[in-house]
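Examining the three-dimensional arrangement
Spelled out, the chains give:
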Amino acid sequence: MSNIPENLRYSKDHEWVSVDGDTATIGITDYAQHSLGDVVYIDFPRAGDRFASHEAFGSVESVKAVSEIFTPIAGEVTEVNEGLNDSPELVNSDPYGEGWMVKLKMDNPGEVDGMLSGEEYEEYLSSQD
Amino acid sequence: MSTDELKKTPLNEAHKRLGGKMVDFGGWEMPVQYTAGVIEEHNATRLRAGLFDVSHMGEIWVEGRDAIRFVNRLTCNDVTQLADRQAHYTCLTNENGGVVDDLLVYRFGPGKLLLVVNAATTDKDWEWITGKKTDEDDVELKNASEEYCQIAIQGPRAKQILQTMTNVELDNIKYYWFEMGEVDGTEAIISRTGYTGEDGFEVYAAPEFAEQLWSKMLDNGRGSGILPCGLAARNTLRLEAAMSLYGNELGEDITTLESGLGWITKLEQEEGFVGRDALAELKEKGVGRKLVGFEMTEKGIARDGFDVYIGEEKVGNVTSGSPAPFLKKNIGLAFLPAEFAKTGQELKIDIRGKQVAAVVVPIPFYKREKP
């Protein structure tokens, strides 16, 4: 069973978002990292890049596969997790912590309210099986 | 295809108990990885030992007075050179010198050979082989794929682990030779072969003993750090060792000479083989394309099928591309026009629209140190 913290918001593309003021931290869920297998490389956007909601902002590659990562909310990238360049395996071992991917200054913080709660994401996952 | 239509090996339940992530592999439900993950499984095999279920492979017996002559006519390597208890790697070739399948031929005796073929091509091979038999051929063919499980134990500690389960002196089995004997009390064929680039063995036994052998190898290997390994690690291991995969580097429209299998294409045989003339002609005039290895020199991972460029010109395709977990590089194999197939040739791989630099390097990428 996937680990789904209650205090985060989720997308159907298997990203999570945690909000601090108008900054959103984005990563991929435990379910996503598990499906991908061992992560070896993340293709990041640059600080300053702007993305519309649901736009692909990069990709994450495992030994077996590559998967695009989408931002669930619109905004401007303020920081990427450079630590993952040397330790991409943190996406597998700590997807909700040290495996975070980008921080975004949100255009409209209200957009987060449209995302799934932990409970809703869990329901969504079980409906996919 | 729903999972209940998939074929299962006798170790299917064992894989699930070990947390194997099961996938459809050519119509077989197989573990792509277990809980440790592909990188750990791969490195366990390089450094300690890895255990692989390869029971999906096909086994075809060829028996009779003409067994050697018959198989020699169908395959490009020279079966007459095999001694009893010796095996070799070869290909079933078509009239154009393309590859119907790659396989191992085991010689049990002058009138008894075993062909071990790929899982996804077993039915095709059976049709091909039986179709080549004429009334003049004193051979009996038997598709015995259901009668065997096959377990590969690979890596520097494979021998010591397997030795705990058999009285057969494993040190006496040379690379690409085999013995018959008991493994954990069960009649088995013990072959010093593999698909990982490591020393190791492949054990064939009756399917009802598969679970017993598998569990015992894991138990006896625990102290040595053995891990069960899925298809993902099997693929990255063979890729580091630059061993070809049927459907990627090998196929009916690719000749053995293009795939770098000149070393098993024995053109100077008295009786010849299917495709010999085509291959001899190709060798005479030179191949137009050749299989090469490359590694990425910029960040990015080449994947199967990606386009390869030199300058503005598309010159080929990646046949297999992946991160290499032990070498910690991103590597791949590709067919290139012969004039570019040289070490140091700079390439660009089209990775989702981005041209990323790579360079041709010698293969194999990984070669184990021989004791």
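Look up a bit, the structure's there.
The structure reproduced in this document is the subject of the present report. None of these values were measured; they are calculated from a predicted model.

**Looking at the sheet that holds strand S3 (residues 23–28) of chain A**
All names here are of chain A. The antiparallel open sheet is built from six strands, whose spatial order is S1-S2-S3-S9-S8-S5. The strands lining the two open edges of the sheet, one partner per strand, are strand S1 (9–10) and strand S5 (50–51). Bridge analysis of S3 against strand S9 (residues 102–106) gives four bridges, and the strand direction is antiparallel. Paired with Thr23 across the strands is Lys105, a residue of S9.

**Focus: the layout of surface pockets**
One simple way to see leftover space: roll a probe sized like a water molecule over the atoms. Here the second largest pocket defines a volume of roughly 630 Å³. Only strand S4 (39–43) and helix H2 (83–86) of chain A together with helix H2 (38–47), strand S14 (289–296), strand S16 (313–324) and strand S17 (329–337) of chain B provide two or more residues apiece to the lining of the second largest pocket. Counting residues per element, the lining of the second largest pocket draws most heavily on S4 of chain A, at four residues. For the lining of the second largest pocket, the residue count by class is twelve nonpolar, five polar and nine charged.

**Describing the interface of chain B and chain A**
Counting residues at the interface gives 17 residues for chain B and 15 residues for chain A. Buried area between chain B and chain A, both sides added, is near 1,200 Å², and the carbon and sulfur share of it is 52%. Joining chain B to chain A, the criterion identifies three salt bridges. Between Asp43 of chain A and Lys354 of chain B there is a salt bridge, with the nearest N and O atoms lying 3.7 Å from each other. Where chain B packs against chain A, one counts nine residue pairs in polar contact (both at pLDDT 80 or more). Where the side of chain B that touches chain A is concerned, the elements lending two or more residues are strand S2 (28–33), H2, helix H7 (231–240) and S16 of chain B. The leading source of residues in the side of chain B that touches chain A is H2 of chain B, at three residues. Looking at the side of chain B that touches chain A residue by residue, the classes come out as six nonpolar, five polar and six charged.

Reading the values: the criteria
Numbers given to residues run from 1 along each chain, matching the order in which its sequence is written. Labels are handed out in written order, letters beginning with A for the chains and numbers beginning with 1 for the ligands. In keeping with the model being predicted, local features are shown solely for residues with a pLDDT of at least 70 and side-chain atom pairs are shown and tallied solely at 80 or more, while totals for entire chains, interfaces and linings include all residues. Hydrogens and waters are ignored; side-chain quantities use all the structure's heavy atoms. Here the rule is simple: two strands pair whenever DSSP picks up at least two bridges between them. A helix here means a DSSP run of H or I that spans at least four residues, while a strand means a run of E at least two residues long, and both kinds are numbered starting from the N terminus. Buried and open spaces are told apart on a 1 Å grid over the protein atoms alone, a cavity being a set of points where a 1.4 Å probe fits but cannot get out and a pocket being an open set with protein on both sides within 12 Å along at least five of seven lines. Residues with an atom within 4 Å of a point are the lining residues. Grid points are joined across faces, edges and corners, and a volume is the space filled by probe spheres set on the points. Polarity classes work like this: nonpolar for Ala, Val, Leu, Ile, Met, Phe, Trp, Tyr, Cys and Pro, charged for Asp, Glu, Lys and Arg, and polar for all others, with Gly in that last group. Residue contacts follow a heavy-atom distance rule, with two residues in contact if any of their heavy atoms lie within 4.5 Å. Throughout, buried area stands for the accessible area (probe radius 1.4 Å) lost by two parts on being put together, summed over both. Any Lys or Arg side-chain nitrogen located within 4 Å of an Asp or Glu carboxyl oxygen qualifies as a salt bridge. Contacts described as polar in this section are N or O atom pairs within 3.5 Å, which, within protein, must combine one atom able to donate a hydrogen with one able to accept it, while residues neighboring in sequence count only if both atoms come from side chains.

Coordinates in, geometry out; function isn't part of it.
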